[in-house]
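Chain and residue survey
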Amino acid sequence: MAHGPVLVIGLDPVRIPGWDPEPVVAAIARGHARFAEHGIEADLCLTATDADAEREIAAALTRRDYACVVIGGGIRKHEPLLAFFEQVINLVHRHAPGAAIAFNSRPDDTVDAALRRLG
């Protein structure tokens, strides 16, 4: 079954100081590979919560017409990032109004989140 393209927006683990990003980088790669297994084109937008985030996310959202945008748990689940999460939601609303919005639980179930909205 063919589906429209998906954009995954998440925090870039390499740009978060003070911890080992490798396990998360590996999990993101495994999760992203699952899209190909389902025949779904998927792009990643990994960002930081800095001043460039809005520009990076807006550029990714306008790169093509996405059927679904998945917003990662790193953005949603950490309460101090609530304002950033709101910003991301509003960017999706503004720049990809026709895209469904989905939320994953962890990097390796991102395709499952997208499939819930693409199905």
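Scroll up for the structure.
This report concerns the structure included in the present document. (Residues numbered from 1 in each chain as written. Predicted model: local features only at pLDDT ≥ 70, side-chain atom pairs only at ≥ 80, totals over all residues. Heavy atoms only, no water.)

**With respect to the sheet that holds strand β3 (residues 68-71)**
Overall, parallel pairing links the four strands, which are arranged β2-β1-β3-β4 in an open sheet. The strands lining the two open edges of the sheet, one partner per strand, are β2 (42-47) and β4 (100-103). The sheet shows a mean angle of 20 degrees between the axes of neighbouring strands, taken without regard to direction. Across four bridges, β3 lies against β4 in parallel orientation. Bridge pairing in β4 places Cys 68 opposite Ala 100. (Pairing = 2+ DSSP bridges. Helix = DSSP H or I, 4+ residues; strand = E, 2+ residues; numbered from the N terminus. Axes fitted to C-alpha atoms, helices over the stretch in contact; angles between N-to-C directions.)

**Quick word on the layout of surface pockets**
Within this model, the largest pocket holds a volume of roughly 340 Å³. What lines the largest pocket is a set of 22 residues, and nearest its centre among them are Leu 11, Val 24, Ile 28, Gly 74 and Pro 107. Those elements giving two or more residues to the lining of the largest pocket turn out to be β1 (6-11), α1 (22-37), β2 and α3 (73-76). Of the residues forming the lining of the largest pocket, the biggest block, five residues, is contributed by α1. Taken together, the residues of the lining of the largest pocket break down into twelve nonpolar, nine polar and one charged. (1 Å grid on protein atoms, 1.4 Å probe; cavity = no way out; pocket = protein on both sides within 12 Å on 5 of 7 lines; lining within 4 Å. Points joined across faces, edges and corners; volume = space filled by probe spheres on them. Nonpolar A, V, L, I, M, F, W, Y, C, P; charged D, E, K, R; others polar.)

**Some details on the state of the cysteines**
All chains considered together, the criterion is met by zero disulfides. The cysteine Cys 68 is free of any disulfide, with Cys 45 supplying the nearest cysteine sulfur at 14 Å. (Disulfide = S-S within 2.5 Å.)

**A look at the packing of aromatic side chains**
The final tally for this structure, using the stated rule, is one aromatic pair. Ring centres 6.0 Å apart and planes at 65 degrees place the aromatic pair Phe 85 and Phe 103 in the edge-to-face group. Remark: Phe 103 occurs in strand β4 and Phe 85 occurs in helix α4 (residues 82-95); sequence separation between them is 18 residues. Assessed through its relative accessible area of 33%, Phe 103 is described here as partly exposed. (Phe/Tyr/Trp six-rings, centres within 6.5 Å; stacked < 30°, edge-to-face > 60°. Buried < 20%, exposed > 50% of the residue type's maximum accessible area, 1.4 Å probe, protein only.)

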